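Single-letter residue listing:
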Amino acid sequence: ACLHWPREVDGTSRGEIDFPESKPDGPPDTAHAFMHYVPEPSDGRSQDWFDSGATLQGWHTYTIEWNPKASPRYVRFFVDGRLIGESTEYVPWVPMFYVMQIETRLGSEPLPPPAQGHVQVDWATIEVP
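Predicted model, so just to flag it, every value in this text is computed and none were measured.

### As for the sheet that holds strand 4 (residues 47–55)
Then, number 1: An order of 4-3-2-1-8 is seen for the five strands of this open sheet, with the pairing classed as antiparallel. Each edge of the open sheet carries a strand with a single partner, namely strand 4 and strand 8 (96–100). When strand polarity is set aside, the average angle formed by the axes of neighbouring strands in this sheet is 15°.
Then, number 2: Sheet topology note: the strand 2 (residues 16–21)/strand 3 (residues 30–36) ladder contains four bridges and is antiparallel. Looking at the pairing, Glu 21 lines up with His 32 of strand 3.

Now the structure itself:
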C-alpha cells in the first residue's frame with residue numbers, strides 16, 4: 001500500500017488514507033482505496049473503500065486528493081484521471097506522512113512459492129495548495 005499516515009500518534013485513532021492497496025498473492029487483484037475514519041462512528045463502520053478496477057500489473061496514475069481544510073473535508077481517489085470514489089465524513093485533519101509500504105503479508109504464515117516480485121514506481125509528487 002501507498003498511504004498517508006499521521007505524523008503524530010498519541011494512542012488515539014488519527015485515521016489513514018491508503019491508495020493503491022492490493023494483495024500480491026493469488027490471481028491478479030485490483031487496486032483498492034481506503035479512507036479510515038477519524039473518529040470511528042458508533043455504528044460500527046471504520047472506513048470507506050473503493051475498487052479501482054485497475055490491476056497493479058499495468059502502468060497507471062493513482063491520485064489522492066485530500067483537503068483537510070475544506071468544508072466539508074474530503075478525500076478523492078482517481079485512477080488515470082477517473083474519479084473512483086470520494087469520502088466526506090470522518091476525514092483525517094492532522095498532518096500526515098506519505099509512505100510507500102511494500103510488504104508481502106501481514107500474517108505470520110509464509111507466502112507459497114514463488115513469493116517474489118517487483119514493485120516499480122515511475123514517479124511520485126506531492127502538491128500543496
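### Let's talk about the pattern of salt bridges
Then, number 1: Inspection of the entire model under this criterion finds four salt bridges.
Then, number 2: With its nearest N and O atoms 2.8 Å apart, the salt bridge here joins Arg 76 to Glu 86. Of this pair, Arg 76 sits in strand 6 (residues 74–79) while Glu 86 sits in strand 7 (residues 82–87), and the two are ten residues apart along the sequence.
Then, number 3: A relative accessible area of 24% means that Arg 76 is categorised as partly exposed.
Then, number 4: Judged by relative accessible area, Glu 86 falls into the partly exposed class, the value being 37%.
Then, number 5: Through salt bridges with shared partners, a single ionic network connects Asp 43, Arg 45 and Glu 89.

### With respect to the sheet that holds strand 7
Then, number 1: Pairing in this open sheet of three strands is antiparallel, and the strands run 5-6-7 from one edge to the other. This sheet does not close on itself; its edge strands, each paired only once, are strand 5 (62–67) and strand 7. Direction aside, neighbouring strands of the sheet carry axes that sit 15° apart on average.
Then, number 2: Where strand 5 meets strand 6, six bridges bridge the pair, whose relative direction is antiparallel. Across the sheet, the residue bridging to Tyr 62 is Val 79, located in strand 6.

Basis of the calculations
- Residues numbered from 1 in each chain as written.
- Predicted model: local features only at pLDDT ≥ 70, side-chain atom pairs only at ≥ 80, totals over all residues.
- Heavy atoms only, no water.
- Pairing = 2+ DSSP bridges.
- Helix = DSSP H or I, 4+ residues; strand = E, 2+ residues; numbered from the N terminus.
- Axes fitted to C-alpha atoms, helices over the stretch in contact; angles between N-to-C directions.
- Salt bridge = Lys/Arg side-chain N within 4 Å of Asp/Glu carboxyl O.
- Buried < 20%, exposed > 50% of the residue type's maximum accessible area, 1.4 Å probe, protein only.

Just distances and angles here, no functional claims.
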